[in-house]
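Here is how the chains run, residue by residue.
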Amino acid sequence: MHRLFIVLFAAFIAGASPAFGQEREVPYWATIDTSELNMRVGPSVNYRIEWVYRREGLPVKVVRVIDGWRLIRDPDGAQGWVVARLLSARRGAIVVGEGLAALREAPADNAQLKWNAEPGVVGKLGECEAGWCRFDVAGRAGWIRAERLWGAGEP
């Protein structure tokens, strides 16, 4: 009985680890889960910092995994290493393209316009269907064309 308890406790601890949920096949989407994140040129604190992100919720593509480090690619194409525990598995997206992007009441071009979002706006990504995605920016949610979002679709 004691041995079973130890095995179950070890499994629980492994499942509770922040990086545990990110141990999956690459590439995959993640978001920055801190107000400041250092991107390094290699997978260790011994490597120099290439870039500092100050945008919580920014979507990134994880392209490689080594121990507690993730090689990420950001919306601008920059690539580098970050500490895994500072990323979240929550899906997010950033508005891309030229001009304002319409957020509509329903996933259709003729649906009522709720808001317009400028390129660079970051939000939470919801379900996507038929070329449209549910997008929430600080509680203002609507449907936006998937092509206007970096972070939607397959990584």
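Residues numbered from 1 in each chain as written. Predicted model: local features only at pLDDT ≥ 70, side-chain atom pairs only at ≥ 80, totals over all residues. Heavy atoms only, no water.

Engineer: Can you break down the overall build of the protein residue by residue, with the values?
Structural biologist: Per the secondary structure count, the protein includes 1 helix and 14 strands. Considering only intrachain contacts with a sequence separation of at least 6, the fraction spanning at least 24 residues in the protein is 54%. With an accessible surface of roughly 9,200 Å², the protein has 53% of that area assigned to carbon and sulfur atoms. (Helix = DSSP H or I, 4+ residues; strand = E, 2+ residues; numbered from the N terminus. Contact = heavy atoms within 4.5 Å. Areas by Shrake-Rupley, 256 points an atom, 1.4 Å probe, with all protein chains shown as cover.)

Engineer: An account of unusual backbone geometry is needed here, citing residue identities and associated values.
Structural biologist: Residues Val26 and Pro27 are joined by a peptide bond in cis, for which omega reads 0 degrees. Structurally, the position occupied by Pro27 is in the loop between helix H1 (2-16) and strand E1 (28-32). If you check the backbone angles, Asp67 has positive phi at about 45 degrees while not being a glycine. As for its placement among the helices and strands, Asp67 is situated in the loop between strand E4 (59-66) and strand E5 (69-73).

Engineer: Before we move on, could you go through the state of the cysteines and cite the residues and values that matter?
Structural biologist: Per the counting criterion, the structure on display carries 1 disulfide. Note on cysteine connectivity: Cys128 is disulfide-linked to Cys133, with sulfurs 2.0 Å apart. In this structure the cystine formed by Cys128 and Cys133 twists about its S-S bond by roughly 110 degrees; its chirality is therefore right-handed. On the basis of relative accessibility, which here comes to 40%, the residue Cys128 falls in the partly exposed class. Note on Cys133: relative accessible area 1%, which makes it buried. (Disulfide = S-S within 2.5 Å. Buried < 20%, exposed > 50% of the residue type's maximum accessible area, 1.4 Å probe, protein only.)

Engineer: Explain the side chain of Asp74 to me, using residue names and the numbers behind them.
Structural biologist: Looking at the element boundaries, Asp74 is found in the loop between E5 and strand E6 (79-83). At 7.7 Å, Arg73 is the nearest oppositely charged side chain to Asp74, a buried residue that forms no salt bridge. For Asp74, the side chain forms a polar contact with the side chain of Tyr53, separated by 2.7 Å. Beyond its immediate sequence surroundings of up to four residues, Asp74 is in contact with Tyr53, Val60 and Trp150. (Lys, Arg positive; Asp, Glu negative; His and termini not counted. Salt bridge = Lys/Arg side-chain N within 4 Å of Asp/Glu carboxyl O. Polar contact = N/O pair within 3.5 Å; in protein donor to acceptor, adjacent residues only side chain to side chain.)

Engineer: Tell me what's going on with the pairing of E6, and back it up with residues and numbers.
Structural biologist: A regular strand places its side chains so that they alternate between the two faces of the sheet. Along E6, 4 of the 5 residues are buried, which leaves the element largely enclosed by surrounding structure. Relative to E6, E5 runs antiparallel, the two sharing 5 bridges. If you follow Arg70 over to E6, its bridge partner there is Val82. The turn joining E5 and E6, which pair antiparallel and follow one another in sequence, is formed by 5 residues; a positive phi near 95 degrees is taken by Gly77. (Pairing = 2+ DSSP bridges.)

Engineer: Before we move on, could you go through the side chain of Arg70 and cite the residues and values that matter?
Structural biologist: With respect to the secondary-structure elements, Arg70 resides in strand E5. On the accessibility criterion, Arg70 (0% relative accessible area) is buried.

Engineer: I'd like a rundown of the environment of Lys61, residues and numbers included.
Structural biologist: Assignment of secondary structure puts Lys61 in strand E4. Look at Lys61 and you get buried, because its relative accessible area is 16%. Put simply, Lys61 and Pro155 are 94 residues apart on the chain and 6.5 Å apart in space, counted from C-alpha to C-alpha. Apart from residues no more than four positions distant in its own chain, Lys61 is found in contact with Pro27, Tyr28, Trp29, Leu71, Ile72, Arg73, Trp150 and Pro155.

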